[in-house]
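Here are the chains, one letter per residue:
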Amino acid sequence: VAITTRLLVSHLSGIRHYEKDITKVKEEKEKANRAFKLTKPDQDKEQKEKEGKGVEKTDSVKPRKEHEDEIKSRNSKPGRRDKEFEQEEYYLKEKFESVIESLKIFKNDPLFFKPGDQFLYSTYGFTLLSAVVERVSGQKFTDYMLKMFHDLDMLSTVLDDNEAMIYNRARCYVYNKKGRLVNAPYVDNSYKWAGGGFLSSVGDLLKFGNALLYSYQAGQFKNTNGKLLPGYLKTDTVAMMWTPVPKTEVSWDRDGKYAMAWAVVEKKQQYGCCRQQRHYASHTGGAVGASSVLLILPEELDSEAIDTGLVAPPRGVIVSIICNMQSVSLNSTALKIAREFDKEKWAQ
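The name recorded for the protein chain in an unreviewed UniProt entry is Serine beta-lactamase-like protein LACTB, mitochondrial, from Eudyptula minor.

Dropping the structure here:
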């Protein structure tokens, strides 16, 4: 079979994640699909009732999913254990000198399916992707990334190296079996630099989000008289990265599909005076003792702003949250924050 970089970046390669047993992976996916099918009829019924009664959705009428999320959050017990974090490979302590060396963890394992056929989120797919970057660039992947972070002015973003002295490095925490907070166990992330091996700050992630949003919008503005600097990436490149890929899915956002290293929700409204779906891109992060999210909500630019050049990119809302605790769901919180800021802007 052939595995392309596009398949890797969209998690369609067939390379396993931390779970080695394909039977368990299939069982979990079937369970998730069944849960989704059970909630879907209720959502459809509620939508039809709203259409029949002519109910206009306002801020006082909460979408069903948000309501369910709030109930789930209230009922969740401290110390809940995410099954994914029961995988042994999350807690590797071996230090790998290169990303090529770390490929030995999974390189002889069978693919779970034919590349391109199914979606399976895979940290190891990104490890292979980092090896490709290393070969193509002719330099160590970590050096290549740190140079890029320097270009983006992300000076607080560094390797999560246990031996290095890192200014303001936070301690990480987990709940033990008794529901008490304890220090996160020692792990070495050198086996997955690309998929979860960097430390950053909220400020740096905001810079990263702004750089991407600027690149995405810069090509849309006209009549700037050459005053607008080019984006770090081409506009078409970011648009491609934020275009949903067929056969993908997103566990943390039911409205979204996976694109290229981003979960993307497309703009959609099926009925008048009913639920609107804004275009945004996001990604969550989960590590031993830490959780994070970065969400980018681009402003819907009108033709006057684009043609006159009276405003300049980036235009929109970017939300970054980093939590030094394991298994914290942050995407819905980030989206609510983004919508509040967006609503406040239009109210002015």
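That shown, we press on.
Time to look at the overall build of the protein chain. Counting its secondary structure elements, the protein chain contains eleven helices and nine strands. Across the 348 residues of the protein chain, 36% fall into the buried class. Put simply, of all contacts in the protein chain between residues at least 6 apart along the chain, 67% involve residues at least 24 apart. Within the structure as shown, the protein chain displays about 20,700 Å² of accessible surface, and the carbon and sulfur contribution to it stands at 52%.

In this section: the pairing of strand β7 (residues 280-287). A regular strand carries its side chains on alternate faces of the sheet. In this sheet, β7 lies alongside strand β6 (residues 263-265) in antiparallel orientation, the contact comprising three bridges. The residue of β7 that forms the bridge with Val 264 is Ala 281. Inspection of the sheet shows β7 paired to strand β8 (residues 290-298) by seven bridges, in the antiparallel sense. Of the residues in β8, the one forming a bridge with Ala 287 is Ala 290.

Among the nonpolar cores identified, the biggest contains 40 residues, and Tyr 124, Leu 212, Trp 242, Trp 262 and Ile 296 are the most heavily contacted of them. Secondary structure elements with two or more residues in this core: α1 (5-9), α5 (123-137), α6 (141-151), α8 (202-218), α9 (235-241) and β8. Contact partners of Leu 212, with chain neighbours within four places excluded, come to Leu 233, Val 238, Met 241, Trp 242, Trp 262 and Ile 296. Of all hydrophobic cores here, the second largest spans twelve residues; its members include Leu 295, Val 319, Leu 330 and Ala 338.

We now examine the confidence of the model for the protein chain. Of all residues in the protein chain, 84% have pLDDT values of 70 or greater, and the mean over the chain is 86. Averaged over each element, pLDDT in the protein chain is lowest for helix α3 (residues 64-75) (44) and highest for α1 (98). The low-confidence segment residues 50-79 (pLDDT under 50) makes 23 contacts with residues lying over four places distant or belonging to another chain.

Here we come to the sheet that holds β8. Pairing is antiparallel in the open sheet, where five strands are placed in the order β5-β6-β7-β8-β9. The open sheet terminates on both sides in strands that have one partner only, identified here as β5 (257-258) and β9 (316-323). Note: β8 against β9, eight bridges, orientation antiparallel. Considered in β9, the bridge of Leu 294 is made with Ser 320. Along the sheet, α8 contacts β8 and β9; its crossing angle with β9, the most-contacted strand, is approximately 150°.

Counted by the stated rule, this structure contains 15 salt bridges. Its salt-bridge partner being Lys 31, residue Glu 28 comes within 3.7 Å of it at the nearest N-O pair. With a gap of three residues between them, Glu 28 and Lys 31 both fall in helix α2 (residues 22-53), about one helical turn apart. Taking the relative accessible area as the measure of exposure, Glu 28 reaches 40% and is therefore partly exposed. What makes Lys 31 partly exposed here is its relative accessible area of 41%. Its salt-bridge partner being Lys 207, residue Asp 153 comes within 3.1 Å of it at the nearest N-O pair. Highlighted residues: Asp 153 in the loop between α6 and β1 (158-159) and Lys 207 in helix α8, separated in sequence by 54 residues. By relative accessible area, Asp 153 is classed as partly exposed at 39%. Relative accessible area serves as the criterion here: at 34%, Lys 207 is assigned to the partly exposed category.

Right, let's talk about the state of the cysteines for a bit. Within this structure, the stated rule accounts for zero disulfides. Cysteine Cys 274 remains unbridged, with the sulfur of Cys 273 as its closest cysteine sulfur at 7.0 Å. Distance from the sulfur of Cys 323, which forms no disulfide, to the nearest cysteine sulfur (Cys 172) is 9.2 Å.

Here we take up unusual backbone geometry. The linkage connecting Pro 313 with the following residue, Pro 314, adopts the cis geometry, with an omega of 0°. Relative to the elements of secondary structure, Pro 314 occurs in the loop between α10 (303-308) and β9. We note that His 11 has phi near 60°; this positive angle belongs to a residue other than glycine. Tracing the backbone shows His 11 in the loop between α1 and α2. Under the relative-accessibility criterion, His 11 is labelled buried at 2%.

Let's shift gears to the packing of aromatic side chains. Evaluated as defined, the whole model comprises twelve aromatic pairs. Between Tyr 90 and Tyr 91 the ring centres are 6.4 Å apart and the planes differ by 55°, which places this aromatic pair in the tilted class. Each residue in the set Tyr 18, Phe 85, Tyr 90, Tyr 91, Phe 106, Tyr 124 and Tyr 191 is aromatic and connected to the rest through ring pairs, giving one cluster.

For the rest of this paragraph, the subject is the environment of Arg 254. In this fold, Arg 254 is placed in the loop between α9 and β5. Since its relative accessible area comes to 41%, Arg 254 is described here as partly exposed.

So, on to the side chain of Ser 215. Position of Ser 215 among the secondary structure elements: in helix α8. Accessibility expressed as a relative area gives 1% for Ser 215, which makes it buried. Separated by 2.9 Å, the side chain of Ser 215 and the backbone oxygen of Ala 211 make a polar contact. Not counting the four nearest positions on each side in its chain, Ser 215 is found in contact with Gly 231, Tyr 232, Leu 233, Lys 234, Thr 235 and Val 238.

Parameters at a glance
- Residues numbered from 1 in each chain as written.
- Predicted model: local features only at pLDDT ≥ 70, side-chain atom pairs only at ≥ 80, totals over all residues.
- Heavy atoms only, no water.
- Helix = DSSP H or I, 4+ residues; strand = E, 2+ residues; numbered from the N terminus.
- Buried < 20%, exposed > 50% of the residue type's maximum accessible area, 1.4 Å probe, protein only.
- Contact = heavy atoms within 4.5 Å.
- Areas by Shrake-Rupley, 256 points an atom, 1.4 Å probe, with all protein chains shown as cover.
- Pairing = 2+ DSSP bridges.
- Core = buried A, V, L, I, M, F, W, Y, C linked by side-chain atoms within 4.5 Å.
- pLDDT = per-residue confidence, 0-100.
- Axes fitted to C-alpha atoms, helices over the stretch in contact; angles between N-to-C directions.
- Salt bridge = Lys/Arg side-chain N within 4 Å of Asp/Glu carboxyl O.
- Disulfide = S-S within 2.5 Å.
- Phe/Tyr/Trp six-rings, centres within 6.5 Å; stacked < 30°, edge-to-face > 60°.
- Polar contact = N/O pair within 3.5 Å; in protein donor to acceptor, adjacent residues only side chain to side chain.

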